[in-house]
Amino acid sequence: MENQVKQAYEAAKLLYAQHGIDTDEVLKKLAEIKVSVHCWQGDDVRGFLNKDGELTGGISVTGQYPGAATTPAELRADLEQAFSLIPGKHKVNLHAIYADTDEQVELDRIEPKHYENWVKWAKEQGLGLDFNPTCFSHEKSSDGFTLSHPDPEIRKFWIDHCKAARRIGAYFGEQLGQTCVTNVWVPDGFKDNPVDRMTPRKRLKDSLDEVFAEKLDPKHHLDAVESKLFGLGSEAYVVGSHEFYMGYGLLNGTLVCLDAGHFHPTEVISNKLSSLALFTNGILLHVSRPMRWDSDHVVIMDDELLEIARELVRHDLLPTTHIGLDFFDASINRVAAWVVGTRNTIKALLRAMLEPVDALKSAELAGDYTLRLALTEEFKSYPFGAIWDYYCAQQQVPVREQWIAEIKTYEQEVLLQRDKSFV
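Note that this is a predicted model, so its numbers are computed, not measured. (Residues numbered from 1 in each chain as written. Predicted model: local features only at pLDDT ≥ 70, side-chain atom pairs only at ≥ 80, totals over all residues. Heavy atoms only, no water.)

A. How the structure looks around the overall build of the protein chain. For the protein chain, the count of helices and strands is 14 helices and ten strands. The C-alpha atoms of the protein chain give 22 Å as radius of gyration, which agrees with the globular expectation for 423 residues (22 Å, within 12%). Each principal axis of the C-alpha atoms in the protein chain carries an extent, and together these give about 65 × 55 × 40 Å. Accessible area for the protein chain stands at about 19,100 Å²; split by element, carbon and sulfur atoms hold 50% of it. Of the charged side chains in the protein chain, 45 are positive and 64 negative; the average position of the first set lies 1 Å away from that of the second. (Helix = DSSP H or I, 4+ residues; strand = E, 2+ residues; numbered from the N terminus. Rg over C-alpha atoms; globule rule 2.2 N^0.38 Å. Areas by Shrake-Rupley, 256 points an atom, 1.4 Å probe, with all protein chains shown as cover. Lys, Arg positive; Asp, Glu negative; His and termini not counted. Charge placed at Lys NZ, Arg CZ, Asp CG, Glu CD.)

Structure (structure tokens):
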């Protein structure tokens, strides 16, 4: 198998070289890209601070596949298994509810010490950490409002929580030597048509101003804000709309997060990247797969994933774009979901890097749309799979579907042992 992979790579390398594409250099660049893998796929967004509580804020996870992680140690073991099957060195994205502590601590009182085991583990694994305040699944978010809440005491609770989250993110960045992105998303909104759309947005703006007032070293920490079109329980109106957060991010220098599932079903985020990039210092992406709504299906190699990758590569946006995943599926093996989604994201970037971008741009500028179309179509059948196989072998992870056998073994030996009814 090793010789076959090498031979196929060498043959493919020659084909790409005819168009000025150095596949060796491409793979070096690919290895530098870090994808932030979301921890919440591993336990269905339960976390450990209130893991028996109800999911709220429009969060819904369907399926009852056995083996969900129930402790921080189990979740880290599952992540290690996933990373052993994914090429490259990456990051883990934590929500605040994933604190690893025996202390009963409220969200507005969390500190770096409650995540020290995560930091220690990340150092051992050579991983970075990103962070998110958890403004859902809490009694103080039960009416659907947090940072825009009309009650100043409840609003202060969430402001203090987000402040604490930023300090934890800065600690992650300082300790790990990798910039931590702390992303603020709130579910605030109305189920039915509101009379006053402006006042909640004024409250949200004021709350964010207070949250971000403390200056943190951008070498260690970056802020991001994330919009949404609608959610379960906020079908008519969401306070933090795209227009709100785009304006806020541009005015205040925070990253604007584009989530693939947070727009109208006919919208795509790939077409927004080149516009937003002209006016910002960076972008946060949440790569997901909406299926008729923000349903967060596992990322597959579909047209939109490829278009996102192409936009990032064609316009040299990778150095200033933070790529994270955001999906959760409890109907399949949760570790396999991580592997499928992350490998596809990296594979899409590779495909985009293996296109003759300069030649395509030159043809377009010259008005030779025939060449643009013909070359684009021909490259769809170029042997990028041979380059991908070689990259996986080079990174010492399974080639092609070989990883599935390792997942099945892990499922039998580890995941099913967590639920004895399936043994």
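Right, picking up where we left off after that structure.
B. Molecular detail of the packing of aromatic side chains. Applying the stated rule across the entire model yields 17 aromatic pairs. Ring geometry for Trp388 versus Tyr391: centroids 6.2 Å apart, planes at 45 degrees, classification tilted. Of this pair, Trp388 and Tyr391 both sit in helix H13 (residues 384–394), three residues apart, which is roughly one turn of that helix. Relative accessible area serves as the criterion here: at 4%, Trp388 is assigned to the buried category. Three or more aromatic residues joined by ring pairs make a cluster, and in this case those are Phe212, Phe244, Tyr245 and Tyr248. (Phe/Tyr/Trp six-rings, centres within 6.5 Å; stacked < 30°, edge-to-face > 60°. Buried < 20%, exposed > 50% of the residue type's maximum accessible area, 1.4 Å probe, protein only.)

C. The arrangement of the side chain of His242 in detail. Along the chain, His242 turns up in helix H7 (residues 242–252). Classification of His242 as buried rests on a relative accessible area of 16%. Not counting residues within four places of it along the chain, the set of residues in contact with His242 comprises Ser227, Leu258 and Phe263. (Contact = heavy atoms within 4.5 Å.)

D. Representation of the state of the cysteines within the structure. Under the defined criterion, the tally for this structure stands at zero disulfides. Between Cys180, a free cysteine, and Cys39, which holds the nearest cysteine sulfur, the sulfur-to-sulfur gap is 12 Å. Classification of Cys180 by relative accessible area gives buried; the value is 0%. Unpaired in this structure, Cys257 has its nearest cysteine sulfur neighbour in Cys180, at a distance of 14 Å. Given a relative accessible area of 1%, Cys257 falls into the buried group. (Disulfide = S-S within 2.5 Å.)

E. Summary view of unusual backbone geometry. With phi around 60 degrees, Val45 is a residue other than glycine that occupies positive phi space. Inspection of the secondary structure assignment puts Val45 in the loop between strand E1 (35–38) and helix H3 (72–83). For Val45, a relative accessible area of 3% gives the class buried. Positive phi, close to 55 degrees, is recorded for Arg400, a residue that is not glycine. Mapped onto the fold, Arg400 is located in the loop between H13 and helix H14 (402–415). Judged by its relative accessible area of 44%, Arg400 is partly exposed.

F. Examining the pairing of strand E9 (residues 283–287) more closely. Here E9 lies mainly inside the structure; five of its five residues are buried. Here E9 shows a buried face lined by Ile283, Leu285 and Val287 and a second buried face lined by Leu284 and His286. Strand direction decides the pairing type here: strand E8 (residues 255–259) and E9, joined by four bridges, are parallel. In the strand pairing of E9, Asp259 is matched with His286. (Pairing = 2+ DSSP bridges.)

G. Geometry of helix H9 (residues 303–314). Its twelve residues place the ends of H9 16 Å apart at the C-alpha level, agreeing with the 16 Å of an ideal helix rising 1.5 Å per residue. Extensive coverage of H9 is indicated by the burial of nine of its twelve residues. Among all positions in H9, only Glu304, Leu305, Leu306, Ile308, Ala309, Arg310, Glu311, Leu312 and Val313 are buried. Buried residues along H9 sit against helix H8 (270–277), E9, strand E10 (321–325) and helix H10 (334–353). (Expected span 1.5 Å × (residues − 1).)

H. Broad picture of the packing of H8 against H9. Two elements in contact, H8 and H9, have axes whose closest approach is 8 Å; the angle formed by their N-to-C orientations is 20 degrees. Taken together, the axes of H8 and H9 lie roughly parallel to each other. As for how H8 packs across H9, the hand of that crossing is right-handed. Note on element contacts: H9 touches H8 through Glu304, Glu307, Ile308, Glu311 and Leu312, opposite Ser270, Leu273 and Ser274. Of the residues belonging to the contact of H8 with H9, the class tally is three nonpolar, two polar and three charged. (Axes fitted to C-alpha atoms, helices over the stretch in contact; angles between N-to-C directions. Parallel < 35°, antiparallel > 145°, perpendicular 65-115°, else oblique. Left-handed = near helix turned anticlockwise from the far one by under 90°. Nonpolar A, V, L, I, M, F, W, Y, C, P; charged D, E, K, R; others polar.)

I. Structural context of the pairing of strand E4 (residues 180–184). Taking burial as the measure, the five residues of E4 include five buried ones, the bulk of the element. Here E4 shows two buried faces, one formed by Cys180, Thr182 and Val184 and the other by Val181 and Asn183.

J. Fine view of the side chain of Asp329. Relative to the helices and strands, Asp329 is located in the loop between E10 and H10. The charged side chain of Asp329 is buried without a salt bridge, its nearest counter-charge being Arg289 at 6.3 Å. A polar side-chain atom of Asp329 sits 2.6 Å from a polar atom in the side chain of Ser331. What Asp329 contacts, discounting residues up to four positions off in sequence, is Gln41, Thr62, Val298 and Arg334. (Salt bridge = Lys/Arg side-chain N within 4 Å of Asp/Glu carboxyl O. Polar contact = N/O pair within 3.5 Å; in protein donor to acceptor, adjacent residues only side chain to side chain.)

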